[in-house]
Amino acid sequence: MERQQLYCEAEFLIQFFNNRPRISSDDSFSEDTEVDIWNKYRDMFLKDATLCLDVSLESFFKIENDFFNMLKKKKGNGEIKIKFDKFPINFDEADNRHAFFFLSDSTKSRQMEENYGMMFISNEDYIERANFLFSSVTLLSIDTNTNWDIVQAFRHPCNSIILIDNYILGKKDMEKEIKTLFDSLLPNKLEKQKFTVTIFTKKADNEDKIKQKENLKKAIKTLRNYTIEVNINDVDHSQHDRSLITNYCLFECGYGFVLDYNERVKGTRLYINRITQPKVYQAILNLEKKLTKVG
């Protein structure tokens, strides 16, 4: 099983433990919720993770608090993997595509997020970010009354989209549908990283589809002011996955992402899976590996 990459400043973890929420004598609901969220993050750090820290091995063993003592124990038992001196970060490494970043400085955290389109979480905002991270699968109905801008509510930091749908080319409203879908998901700012779009679909087998494919590339590139690299790869007819992968989500839609009128009349379902949900991270990695063989 692959381990989730978590880049953490040691100072974030120290504050995370020292300032943990506690239930007071009145046992209020809000405090109980914050404790539950804190426990979910704690489990991220202590279960099947690779922690990439900004300190050396020597400095790590000199830090004395109960949380770091637990990290040392988990490392010794082989339950987690810890890497040292991993800051500054190479955002171009493939292993980092689905990583989370935990920083103590909230201003720096927000700026890094806008720079690189990755999810940066600070001690100040980890509770509010939990709503996206730890929600269970979301199910949306797609029909004649629904446009793809419905996914705008799930926009999150990302710098890549992989779309897998064998049957987008040749459909009447293909360019409009894909533009609406991507416009709803692309971040508004991406200062220091290009955005990559990779589409896997059935080969364009006539002049109209070839032209449609080229128009789609141009249309996607104009959605934002930052650089968007677009590749459309041919897949075999037997490729039946109809999925969209961002850095942190797996979207799955029964009839696909370009729907004709009859498909909308019948209705279809869109499943939105967060990477923190059980088995979703591995499912994303398996799908990406499968696509490398056809890309």
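Placed above this text is the structure.
Cut-offs used in this document
Residues numbered from 1 in each chain as written. Predicted model: local features only at pLDDT ≥ 70, side-chain atom pairs only at ≥ 80, totals over all residues. Heavy atoms only, no water. Buried < 20%, exposed > 50% of the residue type's maximum accessible area, 1.4 Å probe, protein only. Helix = DSSP H or I, 4+ residues; strand = E, 2+ residues; numbered from the N terminus. Pairing = 2+ DSSP bridges. Salt bridge = Lys/Arg side-chain N within 4 Å of Asp/Glu carboxyl O. Axes fitted to C-alpha atoms, helices over the stretch in contact; angles between N-to-C directions. Contact = heavy atoms within 4.5 Å. Phe/Tyr/Trp six-rings, centres within 6.5 Å; stacked < 30°, edge-to-face > 60°. Expected span 1.5 Å × (residues − 1). Arc of directions from axis to C-beta. 1 Å grid on protein atoms, 1.4 Å probe; cavity = no way out; pocket = protein on both sides within 12 Å on 5 of 7 lines; lining within 4 Å. Points joined across faces, edges and corners; volume = space filled by probe spheres on them. Nonpolar A, V, L, I, M, F, W, Y, C, P; charged D, E, K, R; others polar. Polar contact = N/O pair within 3.5 Å; in protein donor to acceptor, adjacent residues only side chain to side chain. Parallel < 35°, antiparallel > 145°, perpendicular 65-115°, else oblique.

**Observations regarding the pairing of strand β11 (residues 249-253)**
At step 1: Counting buried positions along β11 gives four out of five residues, so the element sits mostly inside the fold.
At step 2: Relative to β11, strand β10 (residues 243-245) is paired through three bridges, and the arrangement is antiparallel. Looking at the pairing, Ile-245 lines up with Leu-250 of β11.
At step 3: The antiparallel pairing of β10 with β11 creates a hairpin that spans three residues between the two strands.

**Describing the pattern of salt bridges**
At step 1: For the coordinates displayed, the defined rule picks out 20 salt bridges.
At step 2: Measuring nitrogen to oxygen at the nearest pair gives 3.2 Å for the salt bridge that ties Arg-42 to Asp-43.
At step 3: In this structure Asp-43 comes out as partly exposed when scored by relative accessible area, which is 27%.
At step 4: Residue Glu-263 is joined to Lys-171 by a salt bridge in which the shortest nitrogen-to-oxygen separation is 3.1 Å. Of this pair, Glu-263 sits in helix α9 (residues 261-266) while Lys-171 sits in the loop between β7 (160-164) and α7 (174-185), placing them 92 residues apart in sequence.
At step 5: Salt bridges sharing common partners tie together Arg-110, Glu-113, Asp-125 and Arg-129.

**Remarks on the sheet that holds strand β8 (residues 195-202)**
At step 1: The sheet built from seven strands is open, its strands ordered β6-β12-β11-β10-β7-β8-β9 with mixed pairing. Each edge of the open sheet carries a strand with a single partner, namely β6 (138-142) and β9 (228-235). With direction set aside, neighbouring strand axes in the sheet form an average angle of 15°.
At step 2: Across five bridges, the pairing between β6 and strand β12 (residues 268-274) is antiparallel. Each bridged residue has a counterpart across the sheet, and for Leu-139 the counterpart in β12 is Tyr-271.

**Digging into the sheet that holds strand β5 (residues 119-122)**
At step 1: Taken in spatial order, the five strands make up an open sheet running β3-β2-β1-β4-β5, and their pairing is parallel. Only two strands of the sheet have a single neighbouring strand rather than two, namely β3 (81-83) and β5. Looking at each pair of strands side by side, their axes are set apart by 25° on average, direction ignored.
At step 2: Judged from the three bridges that link them, strand β2 (residues 49-53) and β3 form a sheet pairing that is parallel. Bridge assignment links Cys-52 to a residue of β3, and that residue is Lys-83.
At step 3: Lying over the sheet, helix α6 (residues 126-133) contacts β4 (100-103) and β5, oriented at roughly 145° with respect to β5.

**Some remarks on the packing of aromatic side chains**
At step 1: Tallied over the entire structure, the rule returns 25 aromatic pairs.
At step 2: Seen from their ring centres, Phe-100 and Tyr-248 are 4.9 Å apart, and the 35° between their planes marks the pair as tilted. Of the two residues, Phe-100 is situated in strand β4 and Tyr-248 in the loop between β10 and β11; the sequence distance between them amounts to 148 residues.
At step 3: On the accessibility criterion, Phe-100 (2% relative accessible area) is buried.
At step 4: The exposure class of Tyr-248 is buried, given its relative accessible area of 0%.

**As for helix α10 (residues 280-292)**
At step 1: In this model α10 runs 19 Å from its N-terminal to its C-terminal C-alpha over 13 residues, within 8% of the 18 Å that 1.5 Å per residue would give.
At step 2: Listing the buried residues of α10 in full gives Val-280, Tyr-281, Ile-284, Leu-285, Leu-287, Glu-288 and Leu-291. In an axial view of α10, the angular spread of the buried residues amounts to 165°, which keeps them on one side of the axis.

**Quick look at the layout of surface pockets**
At step 1: What the largest pocket holds in volume is close to 510 Å³.
At step 2: When contributions to the lining of the largest pocket are tallied by element, the ones reaching two or more residues are β1 (4-8), α2 (29-46) and α10.
At step 3: Grouping the amino acids of the lining of the largest pocket by side-chain chemistry returns nine nonpolar, four polar and seven charged.
At step 4: In this structure, the second largest pocket spans a volume of roughly 440 Å³.

**Examining helix α8 (residues 207-221)**
At step 1: Here α8 spans 22 Å end to end across 15 residues, near enough to the 21 Å set by a 1.5 Å rise per residue.
At step 2: What α8 keeps buried is the set Gln-212, Lys-213, Leu-216, Ala-219 and Ile-220. All buried residues of α8 lie within an arc of 130° about the axis, which places them on one face of the element. Away from the buried face of α8 by more than 90 degrees, exposed residues Glu-207, Lys-211 and Lys-218 are located.
At step 3: At its buried positions, α8 is contacted by α7, β8 and β9.
At step 4: In this structure Asn-206 caps α8, since a side-chain oxygen of it lies 3.0 Å from the backbone nitrogen of Asp-208.

**A look at the packing of helix α1 (residues 10-18) against helix α4 (residues 66-76)**
At step 1: Running from amino to carboxyl end, α1 crosses α4 at an angle of 120°, the nearest separation of the two axes being 8 Å. One finds that α1 runs oblique with respect to α4. Here Ala-10, Leu-13, Ile-14, Phe-16 and Phe-17 of α1 lie close against α4, whose contacting residues are Asp-66, Phe-67, Phe-68 and Leu-71.
At step 2: Among the residues making up the contact of α1 with α4, the classes are represented as eight nonpolar, no polar and one charged.

Nothing here speaks to function; it is geometry throughout.
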